[in-house]
Amino acid sequence: MTTGNKTPPRMLPAWKALENHHRQVVHRHLRDLFAGDPARAERMTVEAAGLVLDFSKNRATDETISLLCELATQAGVRERAEAMFHGELVNVTEGRPVLHVALRAPRDSLIHVGGVNVVPEVHAVLDRMAEFSSRVRSGQWTGHTGLPIQAAVNIGIGGSDLGPRMATHALRAFADRDLSVRFVSNVDATAFVEATRDLDPANTLFVVCSKTFTTLETLTNARTAREWLTAVLGEEAVAKHFVAVSTNADGVREFGIDPENMFGFWDWVGGRYSLASAVGLSLMLAVGPERFREMLDGMHAMDDHFRAAPIERNLPALLGLLGIWYGNFFGAATHAVLPYDEYLGLFPAYLQQLDMESDGKRVDEEGRPLDVDSGPVVWGQPGTDGQHAFFQLLHQGTRLVPCDFVGFLEPLHPIGRHHALLFANLVAQTEALAFGKTAEEVAAEGIDTALVPHRTFPGNRPSNTILADRLTPWTLGALIALYEHKVFVQGTVWGIDSFDQWGVELGKTLAGRIAPELEAEAPPELRHDSSTNALIRRYRAAVRQ
Ligand code: F6P
C-alpha cells in the first residue's frame, strides 16, 4: 500500500553518500564556509510566492545541497507530490487522498477524486461561507432576539482550533474589531468560562468545528455552550446562535444543529491541513471573505511553486531536506521556529501539530519500524521575547538546535524605532549563531582569563531566514503552505504516512474508560497498574470529601 519511497531511506545511495559527506564536513565552520565565498548568500537565497529563504547560514556546502536534492529525487518526492496533487490515495493507512491543495485551487482548476472534479464543491462551500460571514459582519444575520452578532466563539480542538486560532491572531491587523472572535478548545471548563465570561448570549454565535463531530472535548464544550445559551434564550434560539463545520451531517443533526447551518468539507482534508476549508470560518468572520481569499491565493502560489520549481530552488523541499540533514546526520532532536512578529505568536504551536502529528511516526508506510529518526520536536516563541529566555541554550548549550527565523521587512505598526530594532535583533541572532565569538576575540577585549570560556560563543549554529515584505493574508497563506509541503517532503523521504494520527487513539480510549471510574457512585473495580489505580482512588477520595 505504498505511495512513496519503498526503499528504506538508509538504503538509498544518496543517504549513504550523505553519511560519508557528513564525516567530511562535520567539523567545517560557517566562518570558513563564508570566508572566501562572497557569493554564498546570493547563491543560497531563493524567492517564491512572496517569501525569501536565505539558507546560507546552514552547515552545508554546495555538495551537501546537491546530495540532499539527490536524496529527494531518489526518495520520489516529485512523484509523490504529483500523486497528492492528482488525488491519489496518498494517506495509505486511511485509504484517502490528501487534497488540501484543492481547497485553494482557482475556480477553473480540475482536481478529480473518484472521477469527480472536487473544485466546484470547494468553491460552493467557500461562497456559502462568504455569504454567511458577510451577513454576520454586516449585522444582517441577527440572534434570536434580533440583535446583531458581536462575538463568535469557535469550539474545536487540534486542527479544528489551531489553524483558525493562529490565523485569526496573525491577521488581527486586518480584522473587524466590532466582532470579537474567540476560541475554546480545552475540555477544562476554565476555557469555556473565561471565553464567555463577558459575553451576552443574545449576541453570541457559536461555531462548532469538528471534522468527525465525535471529539470528546468539542462535544462537551458545545453542550455546555448550548446550556449557557438556552438557559437565557430557550431551545428555539439554537438555530440562530449555532453553526457547525463538519464532514458528519448526521452527527451535526443529532447534536441539534440544523444541517442548513452546517458548512461541510471532505474526508480528504486532514484536520491539521484544514484551515483553508470551512474550518477557517471563524477566521473569515474575523477578517472577511476577501482577506480569506487572499490567504488562499498565497497558499496556492506556494502550492504551484512546490509543484513546479526544481528541488534545488524549491523552498519547501530545501527546508525539509535541511531538516533531514540536521535530524538524521547531526542528531538534532528539535527544531525551533522563531517568528519576529508579535502577530505570529501562535505560529509555533500551530506548527507543532502540523509537523509532529504528521511526521511523529515510528513505522514506514509498510508498517516496518524506521531505522532512522523521523520528525523533530518543534518549538518556538516570538523574538525578541525568546532571546531573553531560551536563546542562551541556542548560543552556548551543548545541543544543536537548527532554527528558522521568520520576519518582515515592513511593519504593520510603524512607530518610532520599533521595527528597526526588531529586525536588527533577528539579523543579529542569525549572525551570532553562525559566527559566534572566538576565545581570541574575547581575550583581546581584555576579559579576565577565567571568564574567557564563559564568554566565548562557538558559533556554527545553523539557521534559515524566511522573510516577506509584510505580514498579510497572502504571506501568511504562503508561509503555512511552505511548512505543509516541508512536512510532506520529509515524510516522503522517511517513507511514512504523514496524514494519519493513530498515535492519539490510545489515550482517547483509556480516558473513555477512566472517566466513568472517576464518576461512579460505588467504588469501581480497578484493573489498571498500581500507579493508575492509585491516581484514580486519590481523585475519587478528593471529590467525595
Ligand atoms: O488529536 C487528534 C485529532 O484527530 C486531530 O488530528 C484533529 O485535528 C483533532 O483531533 C480534532 O478532530 P475533529 O476535528 O474531528 O474534532
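Okay, so let's go over this structure. In this text, all values refer to a predicted model and were calculated from it rather than measured experimentally.

Re the overall build of the protein
In step 1: Scanning the protein for helices and strands turns up 22 helices and 13 strands.
In step 2: The burial tally for the protein puts 54% of its 545 residues in the buried class.
In step 3: In the protein, of all internal contacts separated by at least 6 residues, the share reaching a separation of at least 24 is 74%.
In step 4: Of the accessible surface of the protein, which amounts to about 23500 Å², a share of 53% is contributed by carbon and sulfur atoms.
In step 5: Averaging the coordinates of the 50 positive side-chain charges in the protein and doing the same for the 67 negative ones gives two points 3 Å apart.

Focus: the sheet that holds strand β10 (residues 334–339)
In step 1: Here we have six strands laid out as an open sheet, ordered β1-β2-β13-β12-β10-β11, and mixed in their pairing. Whereas interior strands pair on both sides, the edge strands pair on one side only; in this sheet they are β1 (45–48) and β11 (377–379). Strand-to-strand, the axes of this sheet are offset by a mean angle of 15 degrees, without reference to chain direction.
In step 2: Where strand β2 (residues 51–54) lies against strand β13 (residues 463–468), three bridges are found, and the strand directions are antiparallel. From the neighbouring strand, Leu-53 faces β13, where its bridge partner is Ile-466.
In step 3: On top of the sheet, helix α17 (residues 418–435) reaches β12 (403–408) and β13; it is set at about 155 degrees to β12, its chief contact.

With respect to helix α20 (residues 473–494)
In step 1: With 22 residues, α20 should cover 32 Å at 1.5 Å per step; its first-to-last C-alpha distance of 32 Å lies within 8% of that length.
In step 2: Among the 22 residues that make up α20, 21 are buried, leaving the element largely enclosed by the rest of the structure.
In step 3: Among the residues trailing α20, Gly-495 stands out with phi positive, at a value near 75 degrees.

With respect to the pairing of strand β5 (residues 151–155)
In step 1: The buried count for β5 comes to five of five residues, which makes it a mostly enclosed element.
In step 2: Burial along β5 is two-sided: the face carrying Ala-151, Val-153 and Ile-155 and the face carrying Ala-152 and Asn-154 are both buried.
In step 3: The sheet contact formed by β5 and strand β6 (residues 180–184) spans five bridges and is parallel. Pairing of Ala-151 across the sheet is with Ser-180, part of β6.

Concerning the sheet that holds strand β8 (residues 242–246)
In step 1: Taken together, five strands build an open sheet; the order of strands is β6-β5-β7-β8-β9 and the sheet is parallel. Of all the strands in the sheet, the pair left with one neighbour each is β6 and β9 (262–264). Across the sheet, the mean angle from the axis of one strand to that of its neighbour is 20 degrees, orientation sign disregarded.
In step 2: Sheet analysis places β5 next to strand β7 (residues 204–209), joined by five bridges and oriented parallel. Paired with Ile-155 across the two strands is Val-208, which belongs to β7.
In step 3: On the sheet, helix α6 (residues 119–138) packs against β7, β8 and β9 and is oriented at approximately 145 degrees with respect to β9.

Considering the packing of aromatic side chains
In step 1: Enumeration according to the criterion identifies 23 aromatic pairs in this entry.
In step 2: The ring of Phe-255 carries Arg-226 above its face, with NZ or CZ at 4.4 Å from the centroid.
In step 3: The ring of Trp-141 carries the charged tip of Lys-240 above its face, separated from the ring centre by 5.1 Å.

Conventions and cut-offs
Residues numbered from 1 in each chain as written. Predicted model: local features only at pLDDT ≥ 70, side-chain atom pairs only at ≥ 80, totals over all residues. Heavy atoms only, no water. Helix = DSSP H or I, 4+ residues; strand = E, 2+ residues; numbered from the N terminus. Buried < 20%, exposed > 50% of the residue type's maximum accessible area, 1.4 Å probe, protein only. Contact = heavy atoms within 4.5 Å. Areas by Shrake-Rupley, 256 points an atom, 1.4 Å probe, with all protein chains shown as cover. Lys, Arg positive; Asp, Glu negative; His and termini not counted. Charge placed at Lys NZ, Arg CZ, Asp CG, Glu CD. Pairing = 2+ DSSP bridges. Axes fitted to C-alpha atoms, helices over the stretch in contact; angles between N-to-C directions. Expected span 1.5 Å × (residues − 1). Phe/Tyr/Trp six-rings, centres within 6.5 Å; stacked < 30°, edge-to-face > 60°. Lys NZ or Arg CZ within 6 Å of the ring centre and 35° of its normal.

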